[in-house]
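Chain by chain, the residues:
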Amino acid sequence: MSSRLKIFTTVRMAWAMAILAILGPACNQDQPATDQDPKQTKKEVTAKDILGNSNYQAIAYGGYRGLSREEQPTVAELKEDMKILAAMNIRILRTYNTKLKHASTVLEAIRALKQEDPSFEMYVMLGAWIDCKNAWTAQPDHEGEDAEHNAAEIERAVNLAVQYPDIVKVIAVGNEAMVKWAASYYVQPWVILKWVNHLQELKRSGNLPADLWITSSDNFASWGGGDPEYHTDDLEKLVNAVDYISMHTYPMHDTHYNPAFWGVLAEEAELPKLEKIEKAMERARDYAITQYRNTADYIKSLGVEKPIHIGETGWASSSNEFYGPTGSKATDEYKSALYYHKIRSWTNAEGIACFYFEAFDEPWKDANNPGGSENHFGLFDINGQAKFALWELVDKGVFEGLSRGGHSIGKTFNGDREEMLSAVEVPPLKK
């Protein structure tokens, strides 16, 4: 067969296939459903499609239910959680490392749910944990990296992205890995840049999906939105290398560390209790917005235009430390609900993805101090009881028929609003 004839035949076959694809469903309306039934058509989306799309809400997720990560969650437990989150319109999860089985089991659970129900949608921002040399020792070396550990993390992330291309839409290289207060493990930007470039090269060579987005998820200051000491040549190169910026902002922590925005103003002193709190929480939201905009201004100053999404923000519902009744009086279910709704409203309106921290309480995070704030960032408690932020969804029957660990999804405080409010403290009066 001549080359010209081959080309003609190939083109004609392509046209025939296209016509069949268009007319097929109409021409076979009386035929029984097959594998090509429209109800079973796979929906293909990319990170660009879903990040910042309010129909695809995002959340930080850890499915640990015990006091140690040695107690790994099962597929069945993770499927319970996936159904709960999907019911409240969560469609994108963020995980944090690949060394433990958690991330791969999450992906396995999601695939199982998709096989049971082809319309089920859940996507993953897959985290690869990055450490400096001698991390988690008395003498961490922040000028070097734990090359063996980091290479293994990245390799596992690549393998999972290849195995689950329909689910993994983002790989995040490191979590708060450049911010200098992460004293046990932080690295210099060149380390993150090295691995981001490695992943981008795998995309170019066809060894990773071309539409997989690569980023690093870090504190706003690490992305240039704070202290100028972070404004380095390597950070500028990193900004250019990633597909988007994933930044963290935590006003709750700064109610203790940098409380300039926090408290009740003198002119608000005579307002009713809940109005005082409302105004304080509006300023907390505005503080987060300022950190976002400062980061955006820095990125723009480099001549770079890329999406900026929020990789983490949240507000604990309880603390016996800096943020509790004897500290900044920031943590309770009422204030955490206000922050959740205010930050979601702003990010949805602005087209910003917000991986809210976090889905469920995880008691392993501060196992020796059950009252520690790190154990209480969840929108649900460990038994699947919805905190005040989600009470309205319980009332609407969103979680009807769902359970976690044998517990039906109900409300904390047994839904007693007055009891919940009795534990709420007014922020301190600003002088």
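Residues numbered from 1 in each chain as written. Predicted model: local features only at pLDDT ≥ 70, side-chain atom pairs only at ≥ 80, totals over all residues. Heavy atoms only, no water.

A. The overall build of the protein, seen in detail. Check the secondary structure of the protein and you find 12 helices and 12 strands. Taking 22 Å as the expected radius of gyration for a compact globule of 431 residues, we find that the protein reaches 24 Å, a close match to that expectation. Contacts in the protein between residues far apart in sequence, at least 24 positions, make up 73% of those at least 6 positions apart. Summing over all exposed atoms, the protein offers an accessible surface of approximately 20,400 Å²; the carbon and sulfur share of this is 51%. Once the 45 positive and 61 negative side-chain charges of the protein are each reduced to a mean point, those two points are 5 Å apart. (Helix = DSSP H or I, 4+ residues; strand = E, 2+ residues; numbered from the N terminus. Rg over C-alpha atoms; globule rule 2.2 N^0.38 Å. Contact = heavy atoms within 4.5 Å. Areas by Shrake-Rupley, 256 points an atom, 1.4 Å probe, with all protein chains shown as cover. Lys, Arg positive; Asp, Glu negative; His and termini not counted. Charge placed at Lys NZ, Arg CZ, Asp CG, Glu CD.)

B. Structural context of the confidence of the model for the protein. Taken over all residues, the pLDDT of the protein has a mean of 92, while the share at 70 or more is 90%. Across residues 1-41, confidence stays below pLDDT 50; counting only partners more than four residues off in sequence or on other chains, it has 8 contacts. (pLDDT = per-residue confidence, 0-100.)

C. Region of the structure containing the pairing of strand β8 (residues 245-248). Neither face of β8 is left uncovered, since the one carrying Ile-245 and Met-247 and the one carrying Ser-246 and His-248 both have all their residues buried. As defined by bridge partners, strand β7 (residues 213-219) adjoins β8 across 3 bridges and the pair is classed as parallel. Pairing of Ser-217 across the sheet is with Ser-246, part of β8. A crossover connection joins β7 to the parallel β8 through helix α7 (residues 233-241); in handedness this β-α-β unit is right-handed. Pairing of β8 with strand β9 (residues 308-313), which is carried by 4 bridges, proceeds in the parallel orientation. Counted as the bridge partner of Ile-245 is Ile-308 from β9. (Buried < 20%, exposed > 50% of the residue type's maximum accessible area, 1.4 Å probe, protein only. Pairing = 2+ DSSP bridges. Right-handed = clockwise from strand over helix to strand, strands pointing away.)

D. Structural context of the packing of helix α6 (residues 189-204) against α7. One can describe the packing of α6 onto α7 by two numbers: an axis separation of 9 Å at closest approach and a directional angle of 25°. It follows from the interaxial angle that α6 and α7 lie roughly parallel. Note that α6 runs across α7; the crossing there is left-handed. Packed against α6, whose contacting residues are Pro-189, Trp-190, Ile-192, Leu-193, Val-196, Asn-197 and Gln-200, the element α7 presents Asp-234, Leu-235, Lys-237, Leu-238 and Ala-241 at the interface. (Axes fitted to C-alpha atoms, helices over the stretch in contact; angles between N-to-C directions. Parallel < 35°, antiparallel > 145°, perpendicular 65-115°, else oblique. Left-handed = near helix turned anticlockwise from the far one by under 90°.)

E. View of α7. Among the residues of α7, those classed as buried are Leu-235, Leu-238, Val-239 and Ala-241. One side of α7 carries all its buried residues, which in axial view fall inside an arc of 165°. Looking at the packing, one finds that the buried side of α7 touches α6, β8 and α9 (273-301). (Arc of directions from axis to C-beta.)

F. Summary view of the packing of aromatic side chains. This structure, assessed with the given rule, holds 22 aromatic pairs. Plain terms: the ring middles of Tyr-61 and Phe-360 are 6.3 Å apart, the flat faces sit at 75° to each other, and that makes the pair edge-to-face. Within this pair, whereas Tyr-61 is found in the loop between β1 (57-60) and α3 (75-87), its partner Phe-360 is found in the loop between β10 (354-356) and α11 (391-395), the two being separated by 299 residues in sequence. With centroids separated by 4.1 Å and ring planes inclined at 25°, the aromatic side chains of Phe-261 and Tyr-287 adopt a geometry described as stacked. Taken as a pair, Phe-261 in the loop between α8 (251-257) and α9 and Tyr-287 in helix α9 lie far apart in primary sequence, 26 residues in all. The pair formed by Phe-261 and Tyr-287 is uniform in burial state, with each residue classed as buried. An aromatic cluster is built from Phe-261, Trp-262, Tyr-287, Trp-315, Tyr-339, Tyr-340 and Tyr-356, whose rings are joined through pairwise contacts. (Phe/Tyr/Trp six-rings, centres within 6.5 Å; stacked < 30°, edge-to-face > 60°.)

G. Local environment of the environment of Val-304. When you line up the elements, Val-304 lands in the loop between α9 and β9. In sequence terms Val-304 and Val-239 are 65 residues apart; their C-alpha atoms lie 7.7 Å from each other. Those residues in contact with Val-304, other than ones at most four positions away along the chain, are Val-239, Asn-240 and Ile-299.

H. Expanded view of the nonpolar core. If you look at the biggest cluster of nonpolar residues, it comprises 114 residues, and the most contacted ones within it are Leu-85, Leu-93 and Phe-380. Here this core takes 10 residues from α9, the largest share from any one element. Contacts of Leu-85, omitting those with residues within four sequence positions, involve Ile-59, Tyr-61, Ile-90, Leu-93, Met-122, Ala-359 and Phe-360. Counting 15 residues, the second largest nonpolar core, distinct from the first, contains Val-45, Leu-51, Val-170 and Trp-213. (Core = buried A, V, L, I, M, F, W, Y, C linked by side-chain atoms within 4.5 Å.)

I. Quick peek at the sheet that holds β9. Ordered in space as β1-β2-β3-β6-β7-β8-β9-β10, the 8 strands form a closed barrel in which the pairing is parallel. On average, each strand axis in the sheet is tilted by 25° relative to the strand beside it, whichever way the strands run. One ladder, built from 4 bridges, connects β1 with strand β2 (residues 90-94); its direction is parallel. Each residue of the ladder has a partner; that of Ala-58, found in β2, is Ile-92. α9 rests against β8 and β9 of the sheet, and its axis sits at about 140° to β9.

J. Main features of the pattern of salt bridges. Scanning the model with the defined rule gives 21 salt bridges in all. As a salt-bridge pair, Asp-166 and Lys-114 come within 3.8 Å of each other at their nearest N and O atoms. Pair noted here: Asp-166 is in the loop between α5 (147-163) and β6 (168-175) and Lys-114 is in helix α4 (residues 102-116), with a separation of 52 residues, a long-range link. Salt-bridge contacts for Glu-358 lead to Lys-365; the nearest nitrogen and oxygen are separated by 3.8 Å. A relative accessible area of 1% places Glu-358 in the buried class. Residues participating in the shared-partner salt-bridge network are Arg-65, Glu-80, Asp-81 and Arg-404. (Salt bridge = Lys/Arg side-chain N within 4 Å of Asp/Glu carboxyl O.)

K. Structural detail: the packing of α3 against α4. The N-to-C vectors of α3 and α4 enclose an angle of 65°; their axes lie 9 Å apart at closest approach. Comparing their axes, α4 and α3 come out roughly perpendicular. Like other packed secondary-structure pairs, α3 and α4 cross with a definite hand, here right-handed. Contacts between α3 and α4 pair Val-75, Leu-78, Lys-79, Met-82 and Lys-83 from the former with His-102, Thr-105, Val-106, Glu-108, Ala-109, Ile-110, Ala-112, Leu-113 and Glu-116 from the latter. The residue inventory of the contact of α3 with α4, partitioned by class, reads 8 nonpolar, 2 polar and 4 charged. (Nonpolar A, V, L, I, M, F, W, Y, C, P; charged D, E, K, R; others polar.)

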